[in-house]
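Structure assessment
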Amino acid sequence: MKQKETLLTTPLKDQKIELSHLIIEEMGDEHKTSSVDTPLRSDAFDKTDDDKIAAIEPHFRAIMETLGMDLNDDSLRGTPLRVAKMYVKELFQGLNPANMPSMTLFENKFQYNEMLVEKNINFYTNCEHHFVPFFGKAHVAYISSGKVIGLSKLNRLVEYFSKRPQVQERLTMQIGKALQTVLQTQDVAVMMDAKHLCVSSRGVKDDSSNTITSFFGGKFQEENTKLEFLKYIELND
Ligand SMILES: [Zn+2]
(Lines give C-alpha, C1' and ligand atoms only; values in the text may rest on other atoms or scores of the structure.)
Protein backbone atom coordinates (compact mmCIF):
# COMPACT_ATOMS: atom_id res chain seq x y z
CA MET A 1 0.00 0.00 0.00
CA LYS A 2 2.65 2.38 1.08
CA GLN A 3 4.76 1.53 -1.94
CA LYS A 4 1.85 2.28 -4.27
CA GLU A 5 1.33 5.71 -2.71
CA THR A 6 5.00 6.51 -3.09
CA LEU A 7 4.89 5.50 -6.73
CA LEU A 8 1.86 7.63 -7.41
CA THR A 9 3.31 10.73 -5.81
CA THR A 10 6.49 10.54 -7.82
CA PRO A 11 7.38 14.08 -8.91
CA LEU A 12 7.73 13.15 -12.58
CA LYS A 13 4.44 14.11 -14.16
CA ASP A 14 4.61 11.79 -17.19
CA GLN A 15 5.59 8.87 -15.07
CA LYS A 16 2.66 9.57 -12.78
CA ILE A 17 0.18 9.40 -15.67
CA GLU A 18 1.74 6.22 -17.00
CA LEU A 19 1.44 4.52 -13.61
CA SER A 20 -2.18 5.48 -13.10
CA HIS A 21 -2.95 4.16 -16.60
CA LEU A 22 -1.32 0.87 -15.71
CA ILE A 23 -3.39 0.62 -12.55
CA ILE A 24 -6.61 1.44 -14.43
CA GLU A 25 -5.79 -1.13 -17.11
CA GLU A 26 -5.10 -3.74 -14.47
CA MET A 27 -8.35 -2.85 -12.69
CA GLY A 28 -10.19 -3.60 -15.96
CA ASP A 29 -8.58 -6.96 -16.48
CA GLU A 30 -9.22 -7.93 -12.87
CA HIS A 31 -12.85 -6.82 -13.23
CA LYS A 32 -12.84 -4.64 -10.17
CA THR A 33 -15.49 -1.99 -9.70
CA SER A 34 -15.38 1.33 -7.92
CA SER A 35 -19.00 1.87 -6.82
CA VAL A 36 -22.45 0.26 -6.55
CA ASP A 37 -23.99 2.92 -8.78
CA THR A 38 -23.21 2.86 -12.47
CA PRO A 39 -20.90 5.83 -13.06
CA LEU A 40 -22.92 8.27 -15.17
CA ARG A 41 -22.22 11.74 -16.51
CA SER A 42 -24.49 14.59 -15.39
CA ASP A 43 -25.63 15.04 -19.02
CA ALA A 44 -26.29 11.31 -19.51
CA PHE A 45 -29.87 11.78 -20.72
CA ASP A 46 -29.77 15.19 -22.35
CA LYS A 47 -29.74 13.57 -25.79
CA THR A 48 -32.69 11.58 -27.13
CA ASP A 49 -32.13 7.96 -28.14
CA ASP A 50 -32.25 8.96 -31.81
CA ASP A 51 -29.62 11.67 -31.22
CA LYS A 52 -27.40 9.11 -29.49
CA ILE A 53 -27.74 6.65 -32.39
CA ALA A 54 -26.85 9.41 -34.87
CA ALA A 55 -23.82 10.37 -32.75
CA ILE A 56 -22.50 6.83 -32.23
CA GLU A 57 -22.77 5.72 -35.87
CA PRO A 58 -19.85 7.82 -37.25
CA HIS A 59 -17.69 6.87 -34.27
CA PHE A 60 -18.22 3.18 -34.88
CA ARG A 61 -17.63 3.71 -38.60
CA ALA A 62 -14.30 5.36 -37.69
CA ILE A 63 -13.30 2.40 -35.53
CA MET A 64 -13.98 -0.03 -38.37
CA GLU A 65 -12.20 2.14 -40.93
CA THR A 66 -9.24 2.59 -38.62
CA LEU A 67 -9.02 -1.18 -38.36
CA GLY A 68 -8.74 -1.16 -42.14
CA MET A 69 -12.19 -2.36 -43.16
CA ASP A 70 -13.80 -1.19 -46.39
CA LEU A 71 -17.27 0.06 -45.59
CA ASN A 72 -18.21 0.22 -49.25
CA ASP A 73 -18.67 -3.53 -49.03
CA ASP A 74 -22.37 -4.42 -48.90
CA SER A 75 -21.90 -6.65 -45.91
CA LEU A 76 -20.24 -3.93 -43.81
CA ARG A 77 -22.09 -0.85 -45.01
CA GLY A 78 -24.92 -1.08 -42.50
CA THR A 79 -22.86 -2.20 -39.51
CA PRO A 80 -22.14 1.19 -37.87
CA LEU A 81 -25.83 2.13 -37.76
CA ARG A 82 -26.79 -1.39 -36.72
CA VAL A 83 -24.33 -1.32 -33.81
CA ALA A 84 -25.40 2.19 -32.76
CA LYS A 85 -29.07 1.12 -32.66
CA MET A 86 -28.22 -2.07 -30.81
CA TYR A 87 -26.24 -0.18 -28.15
CA VAL A 88 -28.89 2.45 -27.50
CA LYS A 89 -32.12 0.49 -28.02
CA GLU A 90 -31.14 -2.94 -26.80
CA LEU A 91 -27.88 -3.71 -25.02
CA PHE A 92 -27.60 -0.51 -22.97
CA GLN A 93 -31.17 0.73 -22.66
CA GLY A 94 -31.06 -0.07 -18.93
CA LEU A 95 -28.72 2.88 -18.38
CA ASN A 96 -31.77 5.13 -18.45
CA PRO A 97 -33.86 4.95 -15.25
CA ALA A 98 -36.89 5.84 -17.39
CA ASN A 99 -36.67 2.26 -18.72
CA MET A 100 -36.93 0.64 -15.29
CA PRO A 101 -39.85 -1.81 -15.36
CA SER A 102 -42.87 -0.89 -13.25
CA MET A 103 -43.00 -2.91 -10.07
CA THR A 104 -46.58 -3.38 -8.92
CA LEU A 105 -46.87 -4.84 -5.46
CA PHE A 106 -49.66 -7.09 -4.26
CA GLU A 107 -50.85 -7.81 -0.76
CA ASN A 108 -49.60 -11.15 0.47
CA LYS A 109 -53.11 -12.58 0.88
CA PHE A 110 -51.98 -16.12 1.53
CA GLN A 111 -49.77 -14.98 4.38
CA TYR A 112 -46.98 -16.96 2.79
CA ASN A 113 -44.11 -15.97 5.00
CA GLU A 114 -41.59 -18.48 3.73
CA MET A 115 -38.78 -17.90 1.34
CA LEU A 116 -39.67 -17.41 -2.32
CA VAL A 117 -36.93 -18.41 -4.75
CA GLU A 118 -36.90 -17.65 -8.48
CA LYS A 119 -33.97 -19.56 -9.84
CA ASN A 120 -32.25 -20.00 -13.22
CA ILE A 121 -33.18 -16.57 -14.58
CA ASN A 122 -31.15 -16.25 -17.79
CA PHE A 123 -29.30 -13.00 -18.19
CA TYR A 124 -27.05 -11.46 -20.83
CA THR A 125 -24.99 -8.39 -20.15
CA ASN A 126 -21.74 -6.77 -21.27
CA CYS A 127 -18.52 -6.30 -19.36
CA GLU A 128 -17.85 -2.58 -18.92
CA HIS A 129 -14.09 -3.15 -19.15
CA HIS A 130 -14.05 -4.89 -22.54
CA PHE A 131 -17.55 -4.40 -24.03
CA VAL A 132 -17.98 -8.11 -24.69
CA PRO A 133 -20.76 -10.26 -23.19
CA PHE A 134 -20.94 -12.09 -19.93
CA PHE A 135 -24.00 -14.21 -19.27
CA GLY A 136 -25.42 -16.92 -17.10
CA LYS A 137 -28.06 -17.57 -14.47
CA ALA A 138 -29.38 -15.37 -11.72
CA HIS A 139 -31.09 -16.79 -8.64
CA VAL A 140 -33.20 -14.38 -6.64
CA ALA A 141 -34.99 -14.91 -3.32
CA TYR A 142 -36.94 -12.89 -0.80
CA ILE A 143 -39.05 -13.32 2.30
CA SER A 144 -42.25 -11.30 2.05
CA SER A 145 -42.84 -8.50 4.50
CA GLY A 146 -46.52 -8.50 3.56
CA LYS A 147 -46.06 -7.51 -0.08
CA VAL A 148 -45.32 -9.68 -3.10
CA ILE A 149 -44.58 -8.99 -6.75
CA GLY A 150 -45.35 -10.97 -9.88
CA LEU A 151 -42.65 -13.52 -10.67
CA SER A 152 -42.04 -12.09 -14.15
CA LYS A 153 -41.08 -8.79 -12.49
CA LEU A 154 -38.05 -10.50 -10.96
CA ASN A 155 -36.92 -11.50 -14.46
CA ARG A 156 -37.61 -7.99 -15.75
CA LEU A 157 -35.55 -6.40 -12.99
CA VAL A 158 -32.59 -8.70 -13.68
CA GLU A 159 -32.91 -7.84 -17.38
CA TYR A 160 -33.11 -4.10 -16.72
CA PHE A 161 -29.86 -3.94 -14.73
CA SER A 162 -28.20 -6.31 -17.22
CA LYS A 163 -28.78 -3.84 -20.03
CA ARG A 164 -25.88 -1.66 -19.01
CA PRO A 165 -22.14 -2.01 -19.35
CA GLN A 166 -21.62 -3.98 -16.15
CA VAL A 167 -19.35 -5.58 -13.61
CA GLN A 168 -20.81 -8.75 -12.13
CA GLU A 169 -20.41 -7.64 -8.51
CA ARG A 170 -22.20 -4.38 -9.20
CA LEU A 171 -24.97 -6.05 -11.20
CA THR A 172 -25.61 -8.42 -8.29
CA MET A 173 -25.73 -5.57 -5.77
CA GLN A 174 -27.92 -3.36 -7.93
CA ILE A 175 -30.51 -6.13 -8.29
CA GLY A 176 -30.39 -6.90 -4.55
CA LYS A 177 -30.73 -3.30 -3.44
CA ALA A 178 -33.50 -2.52 -5.93
CA LEU A 179 -35.45 -5.54 -4.70
CA GLN A 180 -35.02 -4.44 -1.09
CA THR A 181 -36.49 -1.06 -2.00
CA VAL A 182 -39.34 -2.42 -4.11
CA LEU A 183 -40.34 -5.17 -1.68
CA GLN A 184 -39.84 -3.00 1.39
CA THR A 185 -37.74 -5.62 3.13
CA GLN A 186 -34.06 -6.25 3.78
CA ASP A 187 -34.64 -9.99 3.38
CA VAL A 188 -33.38 -10.41 -0.17
CA ALA A 189 -30.74 -12.68 -1.70
CA VAL A 190 -29.23 -12.73 -5.17
CA MET A 191 -26.70 -15.13 -6.61
CA MET A 192 -25.28 -14.85 -10.11
CA ASP A 193 -23.28 -17.48 -11.94
CA ALA A 194 -21.74 -16.25 -15.18
CA LYS A 195 -19.31 -16.91 -17.98
CA HIS A 196 -17.30 -13.93 -19.17
CA LEU A 197 -16.30 -13.88 -22.83
CA CYS A 198 -13.49 -11.46 -21.99
CA VAL A 199 -11.98 -14.27 -19.90
CA SER A 200 -12.75 -17.18 -22.24
CA SER A 201 -12.24 -15.71 -25.72
CA ARG A 202 -9.24 -13.49 -25.02
CA GLY A 203 -6.79 -12.70 -22.22
CA VAL A 204 -6.17 -15.90 -20.25
CA LYS A 205 -8.56 -17.83 -22.59
CA ASP A 206 -10.02 -19.83 -19.74
CA ASP A 207 -13.28 -21.26 -21.02
CA SER A 208 -14.01 -23.60 -18.13
CA SER A 209 -14.31 -21.10 -15.27
CA ASN A 210 -17.47 -19.46 -13.99
CA THR A 211 -17.72 -16.42 -11.77
CA ILE A 212 -20.16 -16.49 -8.86
CA THR A 213 -21.27 -13.42 -6.94
CA SER A 214 -23.81 -13.05 -4.16
CA PHE A 215 -25.82 -10.53 -2.21
CA PHE A 216 -27.32 -11.48 1.17
CA GLY A 217 -29.53 -8.97 2.94
CA GLY A 218 -31.39 -9.12 6.28
CA LYS A 219 -32.36 -12.66 7.35
CA PHE A 220 -30.28 -14.10 4.50
CA GLN A 221 -27.20 -13.14 6.47
CA GLU A 222 -28.22 -15.73 9.05
CA GLU A 223 -26.59 -19.08 8.42
CA ASN A 224 -29.79 -21.19 8.34
CA THR A 225 -31.63 -18.95 5.90
CA LYS A 226 -28.59 -18.61 3.69
CA LEU A 227 -28.13 -22.40 3.62
CA GLU A 228 -31.81 -22.95 2.81
CA PHE A 229 -31.49 -20.60 -0.18
CA LEU A 230 -28.29 -22.29 -1.34
CA LYS A 231 -29.93 -25.71 -1.01
CA TYR A 232 -32.84 -24.64 -3.26
CA ILE A 233 -30.63 -23.29 -6.01
CA GLU A 234 -28.36 -26.32 -5.93
CA LEU A 235 -31.23 -28.49 -7.17
CA ASN A 236 -30.64 -28.47 -10.90
CA ASP A 237 -33.63 -27.86 -13.20
ZN1 LIG B 1 -14.09 -7.88 -19.14
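What counts and what doesn't
- Residues numbered from 1 in each chain as written.
- Predicted model: local features only at pLDDT ≥ 70, side-chain atom pairs only at ≥ 80, totals over all residues.
- Heavy atoms only, no water.
- Helix = DSSP H or I, 4+ residues; strand = E, 2+ residues; numbered from the N terminus.
- Pairing = 2+ DSSP bridges.
- Contact = heavy atoms within 4.5 Å.
- Axes fitted to C-alpha atoms, helices over the stretch in contact; angles between N-to-C directions.
- Salt bridge = Lys/Arg side-chain N within 4 Å of Asp/Glu carboxyl O.
- Core = buried A, V, L, I, M, F, W, Y, C linked by side-chain atoms within 4.5 Å.
- Buried < 20%, exposed > 50% of the residue type's maximum accessible area, 1.4 Å probe, protein only.

**Concerning unusual backbone geometry**
Its identity as a non-glycine residue notwithstanding, phenylalanine 131 has a phi of 55°, on the positive side. Relative to the helices and strands, phenylalanine 131 is located in the loop between strand S2 (115-127) and strand S3 (133-143). Here the phi dihedral of glutamine 184 falls at roughly 55°; this positive angle occurs in a residue that is not glycine. Along the polypeptide, glutamine 184 turns up in the loop between helix H7 (168-183) and strand S6 (188-196).

**Focus: the sheet that holds S3**
Spatial strand order, S5-S2-S3-S6-S7: five strands in an open sheet with mixed pairing. Strands at the two margins of the open sheet, each flanked by one partner only, are strand S5 (165-166) and strand S7 (211-216). Note: S6 against S7, six bridges, orientation antiparallel. What sits directly across from alanine 194, in S7, is threonine 211. Along the sheet face, helix H9 (residues 223-234) touches S2, S3, S6 and S7 and points at about 70° away from the line of S2.

**Points about the pattern of salt bridges**
As enumerated under the stated definition, the model contains eight salt bridges in all. The closest approach of N and O atoms between arginine 170 and glutamate 128, which form a salt bridge, is 2.8 Å. With arginine 170 in helix H7 and glutamate 128 in the loop between S2 and S3, this pair connects stretches of sequence that are 42 residues apart. One salt bridge connects lysine 163 with glutamate 159, and the closest N-O pair in it is separated by 3.7 Å.

**Concerning the nonpolar core**
Ranked by size, the top nonpolar core spans 26 residues in total, and within it Phe123, Ile149, Val158, Ile175, Leu179 and Met192 carry the most contacts. For this core, the secondary-structure elements that each account for two or more residues are S2, S3, helix H6 (151-162), H7 and S6. Of the residues forming this core, the biggest block, six residues, is contributed by H7. Filtering out sequence-adjacent residues up to four positions away, valine 158 remains in contact with Ile121, Phe123, Ala138, Val140, Ile175 and Met192. Ala141, Met191, Phe220 and Ile233 belong to the second largest nonpolar core, which has nine residues in total.

Any functional reading would require information beyond the geometric quantities listed.
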